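Structural description and commentary
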Amino acid sequence: QVQLVESGGGLVQSGGSLRLSCAASRSIFSIKAMGWYRQAPGKQRESVAVIYSGGSTSYVDSVKGRFTISRDNAKNTVYLQMISLAPEDTAVYYCNVKAGSNWSNYWGQGTQVTVSS
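The notes below deal with the structure included here. Predicted, not measured: the structure shown is a model, and the values here were computed from it.

On to the state of the cysteines, then. Disulfide: a covalent bond connecting the sulfur atoms of a pair of cysteines. According to the stated counting rule, one finds one disulfide in the structure shown. Each sulfur in the disulfide pair Cys22 and Cys95 lies 2.1 Å from the other. Its torsion about the S-S bond being -80 degrees, the disulfide of Cys22 and Cys95 is classed as left-handed. Taken together, the residues span a long stretch of sequence, with Cys22 in strand E3 (residues 18-24) and Cys95 in strand E9 (residues 91-99) at a distance of 73 residues. The same class applies to Cys22 and to Cys95, which are both buried.

This is how it looks when you write it as structure tokens:
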């Protein structure tokens, strides 16, 4: 069973920065995509950023220009660098990996990001 372990969340003031990390417990065969989702209280979980196996990336409009997703294949780790954080970025952030021919989903436990105004 693959486990995804997230770290880097916390409390930051508006305009601040955080870097989230997500490490897989072991190599995941045939990764299709790695990404970050977030869920704010009372809202649906949304995709924030994705990096595909070929290296292309995709971002939700609200974070474009502020968030950067990257990965280290040797470490089975994906990162989310977040700058110019705003209170509306407050949410639980979840790491997600899609792998295999069926694009099976693997999820991290979530890490809280709180941005104070």
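Here the focus is the sheet that holds strand E7 (residues 67-72). In spatial order, the strands read E1-E3-E8-E7; together these four strands make up an open sheet with antiparallel pairing. Edge positions in the sheet fall to strand E1 (4-7) and E7, since each of these pairs with one other strand and no more. Geometrically, the sheet is characterised by an average inter-axis angle of 15 degrees between neighbouring strands, direction not taken into account. In terms of strand pairing, E1 meets E3 through four bridges, oriented antiparallel. Within E3, the position partnered with Glu6 by the bridge is Cys22.

What follows covers the nonpolar core. Core analysis: the biggest nonpolar cluster contains 28 residues, and Leu4, Trp36, Phe67, Val78, Leu80, Met82 and Tyr93 have the highest contact counts within it. Listing elements by their share of this core, those giving two or more residues are E3, strand E4 (31-39), strand E5 (46-52), E7, strand E8 (77-82), E9 and strand E11 (111-116). If we ignore the near neighbours within four places in the chain, the residues touching Leu80 are Leu18, Arg19, Leu20, Trp36, Val48, Ala49, Phe67, Thr68, Ile69 and Tyr93.

In this structure the tally under the stated criterion is four salt bridges. Where Arg38 meets Asp89, a salt bridge forms, and the shortest distance between an N and an O atom there is 3.0 Å. With Arg38 in strand E4 and Asp89 in the loop between E8 and E9, the pair connects residues that are 51 residues apart, well separated along the chain. For Asp89, the salt bridge is made with Arg66, and the minimal N-O distance between the two is 2.8 Å. A residue pair is termed long-range when its members are at least 10 positions apart, and Asp89 in the loop between E8 and E9 and Arg66 in the loop between strand E6 (57-59) and E7 qualify at 23 residues. A relative accessible area of 18% places Arg66 in the buried class. One salt-bridge network, held together by shared partners, links Arg38, Glu46, Arg66 and Asp89.

Take Cys95: its relative accessible area is 0%, and that puts it in the buried class. With 56 residues separating them in the primary sequence, Cys95 and Gln39 have C-alpha atoms 12 Å apart.

Definitions and limits used
- Residues numbered from 1 in each chain as written.
- Predicted model: local features only at pLDDT ≥ 70, side-chain atom pairs only at ≥ 80, totals over all residues.
- Heavy atoms only, no water.
- Disulfide = S-S within 2.5 Å.
- Helix = DSSP H or I, 4+ residues; strand = E, 2+ residues; numbered from the N terminus.
- Buried < 20%, exposed > 50% of the residue type's maximum accessible area, 1.4 Å probe, protein only.
- Pairing = 2+ DSSP bridges.
- Axes fitted to C-alpha atoms, helices over the stretch in contact; angles between N-to-C directions.
- Core = buried A, V, L, I, M, F, W, Y, C linked by side-chain atoms within 4.5 Å.
- Contact = heavy atoms within 4.5 Å.
- Salt bridge = Lys/Arg side-chain N within 4 Å of Asp/Glu carboxyl O.

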